[in-house]
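Residue-level structural notes
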Amino acid sequence: MASRVALKTKSKGAKGGAKPADERSAVKCLKEWSTWTIKKAKVITHYGFIPMVIIIGMSSEPRPSISQLLSPI
Amino acid sequence: MATLVPPATNPPPPPSPDSKPAEPEKVDYMDLPCPIPYEEIHRESFMSLKPELFEGLRFDFTKGLNQRFSLSHSVFMGPTEVPSQSAEVIKIPTAHYEFGANFIDPKMMLFGRILTDGRLNARVKCDLSENLTLKANAQLTNEPHMSHGMANFDYKGSDFRTQLQLGNGALFGASYIQSVTPHLALGGEVFWAGQHRKSGIGYAARYNTDKMVATGQVASTGMVALSYVQKVSEKVSLASDFMYNYMSRDVTASLGYDYILRQCRLRGKIDSNGCTAAFLEERLNMGLNFILSAE
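Here the structure is a predicted model, which is why all the values come from computation and not from measurement.

**What about the nonpolar core?**
- Core analysis: the largest hydrophobic core is formed by 16 residues, its most contacted members being Phe-49, Ile-50, Val-53 and Ile-54 of chain A together with Phe-69, Leu-71 and Ala-101 of chain B.
- Within the residue set of this core, elements represented by two or more residues are helix H1 (2-58) of chain A together with strand S2 (69-82), strand S3 (90-104), strand S5 (120-127) and strand S6 (132-140) of chain B.
- No other element matches H1 of chain A, which puts five residues into this core.
- Every residue in contact with Phe-49 of chain A, bar those within four places of it in the chain, is listed here: Ile-44 of chain A together with Leu-110, Phe-111, Gly-112, Leu-120, Ala-122, Arg-123 and Val-124 of chain B.
- With five residues, the next largest nonpolar core counts Ile-41, Ile-177, Ala-185 and Ala-204 of chain B among its residues.

Below is the structure:
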């Protein structure tokens, strides 16, 4: 009897513990995903910002030529 | 030495309707000028008293490829300060080369600078609509946890401006400034820094006429800053500044002058810490500027 009661409370405890564990892992997933996105965005900005500015500038009117971009004068 | 001066990002306020001296003053409270942005409230005194002083040799070359697009190459050799535990300041001689690209459009401005040690300094300013502007700036490094980014959304109304700031490390800020009379503008700001668990609130006031500008700013971080700039003539202006921190009982007062002449601009200041500084910018030739700085 005592063991059955103990079993019941154990299963209840396990069920009660599963729900918040699900929610916690969903929040954790979201946090991990947003951290991953911010890290990737930082790397992309770090390497890609200046090339992006150069591409936007080279495609604006009047179009400068590549030799003007590379020569030092 | 050609230097790149970033363009003024905000238009000057339109002249107030009662600026004619012959007519009696009749203030139209429905038609007040737009105030200057909250972070530029000390603009005149900053321009006179805080020029970009540097130590060493700096050579800037800006090459324009287009009306809107330009590249810049900059070489700097000089001592830089290294934070140290002792009271002495340690200076280490460094040299670096900086490459930059700027794209300036009436609606969008992109500014990027990258140094030889991998640090990127980027600024973006974009007019999303006639009254709403997005400004973002970021300093990215290769070292972990040393990068910063901040984005501002500015909304400009007919006689007020409001700004919302978001930064990394859970930094939030908001500010609002309103023109109360044609000469007086009052504003306030509030910020919250999640990482350092700090928050603060501050108020500012600015009174300007054609000849002088007086500003005052109080913040809950303990800072009180007052400044007064008098335009003595077209070419000369004098500025004074008083900063007091009532938490740490730290007081600094400075006095400075600003001469804007045809070929050069000379700024000098003296501080209550016993520090004098002078900054001379001279146009030697078309496109060649010469700068001398001393502190």
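Structure's up, so let's keep going.
**A look at the environment of His-46 of chain A**
- Structurally, the position occupied by His-46 of chain A is in helix H1.
- By relative accessible area, His-46 of chain A is classed as buried at 8%.
- Beyond its immediate sequence surroundings of up to four residues, His-46 of chain A is in contact with Gly-118, Leu-120, Leu-140, Thr-141 and Asn-142 of chain B.

**Considerations on the pattern of salt bridges**
All names here are of chain B.
- Counted by the stated rule, this structure contains 11 salt bridges over all chains.
- Notably, a salt bridge pairs Lys-135 with Glu-39, separated by 3.5 Å at the nearest N-O pair. With Lys-135 in strand S6 and Glu-39 in the segment before helix H1 (43-49), this residue pair connects regions lying 96 residues apart in the sequence.
- Overall, Glu-39 belongs to the partly exposed group, its relative accessible area being 40%.
- Across the salt bridge formed by Glu-40 and Arg-43, the nearest N and O atoms sit 3.1 Å from each other.

Reading the values: the criteria
Residues numbered from 1 in each chain as written. Chains lettered and ligands numbered in written order. Predicted model: local features only at pLDDT ≥ 70, side-chain atom pairs only at ≥ 80, totals over all residues. Heavy atoms only, no water. Core = buried A, V, L, I, M, F, W, Y, C linked by side-chain atoms within 4.5 Å. Buried < 20%, exposed > 50% of the residue type's maximum accessible area, 1.4 Å probe, protein only. Helix = DSSP H or I, 4+ residues; strand = E, 2+ residues; numbered from the N terminus. Contact = heavy atoms within 4.5 Å. Salt bridge = Lys/Arg side-chain N within 4 Å of Asp/Glu carboxyl O.

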